[in-house]
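One letter stands for each residue in the lines below.
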Amino acid sequence: MTDRAAFLTRLGEALDRRPRDPVPRAPLLAEALVRRVAAGSPLVDRFLAEVAAAGGETARAPIAELASITAARLATLGIHHAILDADAERLGMREACDRAGIVLVPLAEAPEAAAGITGVVAAVAETGTVVLDAAPGTPRGTSLLPTTHVAIVLEEQILPDLIDALRLPGKLPSSRVWVTGPSKTADIEGVLVTGVHGPARWIVVVGTGSA
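Residues numbered from 1 in each chain as written. Predicted model: local features only at pLDDT ≥ 70, side-chain atom pairs only at ≥ 80, totals over all residues. Heavy atoms only, no water.

Peer 1: Kindly report on helix 3 (residues 43-53), identifying the contributing residues and their values.
Peer 2: An α-helix turns once per 3.6 residues; consequently, residues spaced three or four apart project the same way. Along helix 3, the positions that sit buried rather than exposed are Val44, Phe47, Leu48 and Val51. Down the axis, helix 3 shows its buried residues gathered within 95° of arc, on one side only. Buried positions along helix 3 lie against strand 1 (57-62), strand 5 (122-124), strand 6 (129-133), strand 7 (148-154), strand 8 (158-159) and strand 12 (201-208). One or two steps after helix 3, the chain reaches Gly55, where phi turns positive at roughly 100°. (Buried < 20%, exposed > 50% of the residue type's maximum accessible area, 1.4 Å probe, protein only. Helix = DSSP H or I, 4+ residues; strand = E, 2+ residues; numbered from the N terminus. Arc of directions from axis to C-beta. Contact = heavy atoms within 4.5 Å.)

See below:
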């Protein structure tokens, strides 16, 4: 027996503490017990319902008409300026905004009433959340700085729940933003105020079907 072991043995005897079996570790909670959205559920309906419950405005459109319907919705709301990220531009939003008379401006030159239009990397049916990654062409400011954020989601990007979203493949970006509803805070006297730290209006448009 080493000096250290002998010392610990004598100390244990002095304290009348005998070695005890380690406390068994509880088994991990089965995923099936925490998943709230079953595979094969109508994800678009659930997702849009959760977006509305979180204070967002919703729309859906066939993918072939997704850009034009989104731009027309903004024009109807009186939005005359917009900022696009690269994901939204790939979905045809530049041409659709031009046709709707919406002027596209850089983020640094955007007037207060401009809308930020983004694509997403995923959406979560369980909570009505959209996930955005910061990268060249998709800066965080597009979704955070304008008074209106428009998120364009493709049906295939909607995942059942947060467990699936946390397992998105690929390398983590420098920043990943999870958006659920317009910006809100109740820091001051518990009074809920919308639009203090980000967009006061949140619009989510889902493109369904195939191109």
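Peer 1: Which residues make up the packing of helix 4 (residues 66-76) against helix 6 (residues 93-100), and what values do they have?
Peer 2: The contact between helix 4 and helix 6 brings their axes to 8 Å, and the two run at 40°. On the basis of the axis angle, helix 4 is oblique to helix 6. Seen from above, helix 4 lies across helix 6 with right-handed handedness. Here helix 4 contributes Ala67, Ser68, Thr70, Ala71 and Ala75 to the contact with helix 6, which in turn contributes Met93, Ala96, Cys97, Arg99 and Ala100. Residue classes in the contact of helix 4 with helix 6 are distributed as seven nonpolar, two polar and one charged. (Axes fitted to C-alpha atoms, helices over the stretch in contact; angles between N-to-C directions. Parallel < 35°, antiparallel > 145°, perpendicular 65-115°, else oblique. Left-handed = near helix turned anticlockwise from the far one by under 90°. Nonpolar A, V, L, I, M, F, W, Y, C, P; charged D, E, K, R; others polar.)

Peer 1: How would you explain the layout of surface pockets if you had to name every residue and give the values?
Peer 2: Counted as a void, the largest pocket has a volume near 170 Å³. What lines the largest pocket is a set of 19 residues, and nearest its centre among them are Asp85, Asp87, Asp133, Ala134 and Thr138. Elements represented by at least two residues in the lining of the largest pocket include exactly helix 5 (86-90), strand 6 and helix 7 (141-144). Among the elements that line the lining of the largest pocket, the one with the most residues is helix 5, at three residues. Along the lines of polarity and charge, the residues of the lining of the largest pocket split into nine nonpolar, five polar and five charged. (1 Å grid on protein atoms, 1.4 Å probe; cavity = no way out; pocket = protein on both sides within 12 Å on 5 of 7 lines; lining within 4 Å. Points joined across faces, edges and corners; volume = space filled by probe spheres on them.)

Peer 1: Talk me through the side chain of Glu126; I want residue IDs and the actual numbers.
Peer 2: Examined against the element boundaries, Glu126 turns out to sit in the loop between strand 5 and strand 6. Residue classification places Glu126 among the buried residues on the basis of a relative accessible area of 10%. Those residues in contact with Glu126, other than ones at most four positions away along the chain, are Arg36, Val37, Arg46, Glu50, Pro160, Asp161 and Leu162.

Peer 1: How would you summarise the pattern of salt bridges if you had to cite specific residues and measurements?
Peer 2: Using the criterion set out here, one finds seven salt bridges in the structure. For the salt bridge of Arg46 with Glu50, the shortest nitrogen-to-oxygen distance reads 3.1 Å. Taken as a pair, Arg46 and Glu50 lie in helix 3 at a separation of four residues, close to a single helical turn. Residue Arg46 is classed as partly exposed on the basis of its relative accessible area of 25%. Residue class for Glu50 comes out partly exposed when judged on its relative accessible area of 22%. Close ionic contact of Asp133 with Arg176 constitutes a salt bridge, the shortest N to O distance being 2.7 Å. With a gap of 43 residues between them, Asp133 in strand 6 and Arg176 in strand 9 (residues 176-179) connect regions that are remote in the sequence. Taking relative accessible area as the criterion, Asp133 reaches 18% and is therefore assigned buried. (Salt bridge = Lys/Arg side-chain N within 4 Å of Asp/Glu carboxyl O.)

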